[in-house]
Amino acid sequence: MFFSLALILLAGLSLGWICKKIGLPPLIGMIAAGILIGPYGLNFLDANTLAIGADLRKIALLVILTRAGLNLNLDDLKKCSVPAILMAFVPATCEIIGTVILAPMILHITWIEAAVLGSVIAAVSPAVVVPRMIKLIEQGYGTRQAVPQMILAGSSLDDIYVIVLFSVFSSMAAGGSFQPAMLLDIPVSIVLGLAGGAACGWTLGRFYSKISLRKEICAIQFYAITFLFSVTPVYIIPKKAQKAPIKQIRYHF
């Protein structure tokens, strides 16, 4: 496994550096490296590394979104709060609705499968948007009008919104039936997730303001709490589709 992880890092960084030198985004080189050494390429990765691929992708998403949140200032968010919210929900919703309408006619799939496809299409790539917007913030481009902050906040909310929709639609597709209670997953998980994140951020801010710790320790603690949020149940909804006699706990990140 260690050889595979080292190969992933070295190949990704090397091809990313080559793409940057020839004027292409480094992400293209990293994607090419994954295809090249992956199971559909040279197949250099062992089975253990491939088995934890889903967990590695989730960790990468958590790190990217956490980095986006740490680079946002509350005063800047107040300037662009409404446009950022509209950017997060309106485009993704329109894309999903359009896919649900057109995909069954073009691809001959069911509407729930079209909804799952639409939630995938509507997702914004945080690996592309977040580093670019952070770079613009550091360079000062558009910061007076809070343009990169708006895009950064909107794309982060868009990812969370689409992930929740994808989880709901996937559950509906797996169960084969539609239950109105499933739609409660969307607003409840988003509202409670935002409330829990805000409370945790405020608590950590007060804690770090009174106790002096090294930045490395703070970063480790912060990411540990982020990982806990991704697996902690945050709301309770009855799953009538499974005919459960009591309320079952479900969670989404």
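Residues numbered from 1 in each chain as written. Predicted model: local features only at pLDDT ≥ 70, side-chain atom pairs only at ≥ 80, totals over all residues. Heavy atoms only, no water.

Here we take up the overall build of the chain. From N to C terminus, the chain includes 11 helices and two strands. Moving toward the C terminus, one meets the helices and strands of the chain in the order α-α-α-α-α-α-α-α-α-α-α-β-β. Residues classed as buried in the chain amount to 28% of the 253 residues present. In the chain, once contacts between residues fewer than 6 apart in sequence are set aside, the share between residues at least 24 apart is 58%. As displayed, the chain offers around 15800 Å² of accessible surface, 71% of which is attributable to carbon and sulfur atoms. (Helix = DSSP H or I, 4+ residues; strand = E, 2+ residues; numbered from the N terminus. Buried < 20%, exposed > 50% of the residue type's maximum accessible area, 1.4 Å probe, protein only. Contact = heavy atoms within 4.5 Å. Areas by Shrake-Rupley, 256 points an atom, 1.4 Å probe, with all protein chains shown as cover.)

This brings us to the environment of Ala 103. Mapping Ala 103 onto the fold places it in helix α6 (residues 81-107). Residues Ala 103 and Gly 118, spaced 15 residues apart in sequence, show a C-alpha to C-alpha distance of 8.7 Å. Residue contacts for Ala 103: discarding those within four places in its chain leaves Gly 98, His 108, Ile 109, Ala 114 and Leu 117.

On to the packing of helix α4 (residues 53-70) against helix α8 (residues 126-139). One can describe the packing of α4 onto α8 by two numbers: an axis separation of 10 Å at closest approach and a directional angle of 30 degrees. It follows from the interaxial angle that α4 and α8 lie roughly parallel. Judged by the twist between their axes, the crossing of α4 over α8 is left-handed. Mapping the contact onto sequence places Leu 61, Ile 64, Leu 65, Arg 67 and Ala 68 in α4 and Pro 126, Ala 127, Val 130 and Ile 134 in α8. The class makeup of the residues in the contact of α4 with α8 is eight nonpolar, no polar and one charged. (Axes fitted to C-alpha atoms, helices over the stretch in contact; angles between N-to-C directions. Parallel < 35°, antiparallel > 145°, perpendicular 65-115°, else oblique. Left-handed = near helix turned anticlockwise from the far one by under 90°. Nonpolar A, V, L, I, M, F, W, Y, C, P; charged D, E, K, R; others polar.)

What follows covers the packing of aromatic side chains. The tally for this structure, following the rule as stated, stands at two aromatic pairs. Centroid distance Phe 89 to Tyr 161: 4.8 Å. Interplanar angle 75 degrees. Geometry classified as edge-to-face. In this pair, Phe 89 sits in helix α6 while Tyr 161 sits in helix α9 (residues 147-175), placing the two residues 72 residues apart along the sequence. (Phe/Tyr/Trp six-rings, centres within 6.5 Å; stacked < 30°, edge-to-face > 60°.)

So, on to a positive patch on the surface. Taken together, the side chains of Lys 20, Lys 21, Arg 132 and Lys 135 make up a positively charged region of the molecular surface. Elements with a contribution of two residues or more to the positive patch: α1 (2-21) and α8. Given a relative accessible area of 40%, Lys 135 falls into the partly exposed group. (Patch = residues over 30% accessible without salt bridge, like charges linked within 9 Å, V, L, I, M, F, W, Y side chains within 5 Å. Salt bridge = Lys/Arg side-chain N within 4 Å of Asp/Glu carboxyl O. Lys, Arg positive; Asp, Glu negative; His and termini not counted. Charge placed at Lys NZ, Arg CZ, Asp CG, Glu CD.)

Our next topic: the packing of α8 against α9. Two elements in contact, α8 and α9, have axes whose closest approach is 9 Å; the angle formed by their N-to-C orientations is 160 degrees. On the basis of their axis angle, the class for α8 and α9 is roughly antiparallel. Regarding α8 and α9, the two cross each other, and that crossing is left-handed. For the pair α8 and α9, the contacting residues are Pro 126, Val 129, Val 130, Met 133, Ile 134, Leu 136 and Ile 137 in the first and Pro 148, Gln 149, Ile 151, Leu 152, Ser 155 and Asp 159 in the second. Taken together, the residues of the contact of α8 with α9 break down into 10 nonpolar, two polar and one charged.

Following the sequence through the fold, Thr 99 ends up in helix α6. At a separation of 2.8 Å, a polar atom in the side chain of Thr 99 contacts the main-chain carbonyl oxygen of Glu 95. Residues within four places of Thr 99 in sequence aside, it is in contact with Pro 104, Ala 114, Leu 117, Gly 118 and Ile 121. (Polar contact = N/O pair within 3.5 Å; in protein donor to acceptor, adjacent residues only side chain to side chain.)

We now examine the side chain of Thr 49. You can see Thr 49 is positioned in helix α3 (residues 47-51). Relative accessible area serves as the criterion here: at 4%, Thr 49 is assigned to the buried category.

The next thing to look at is the confidence of the model for the chain. Averaged over all residues, the pLDDT of the chain equals 79, while 87% of them reach at least 70. Across residues 234-253, where pLDDT falls below 50, the model places 43 contacts with residues more than four positions away in sequence or in other chains. (pLDDT = per-residue confidence, 0-100.)

With that settled, consider helix α11 (residues 215-231). Given a rise of 1.5 Å per residue, 17 residues ought to cover 24 Å, and the 25 Å separating the end C-alpha atoms of α11 matches this to within 8%. Inspection of α11 places Cys 218, Thr 226 and Ser 230 among the buried residues, and these make up the whole buried set. Viewed end-on, α11 has its buried residues packed into an arc of 115 degrees, placing them on one side of the element. Those residues of α11 that are exposed and angled more than 90 degrees off the buried face are Glu 216, Ile 220 and Leu 228. (Expected span 1.5 Å × (residues − 1). Arc of directions from axis to C-beta.)

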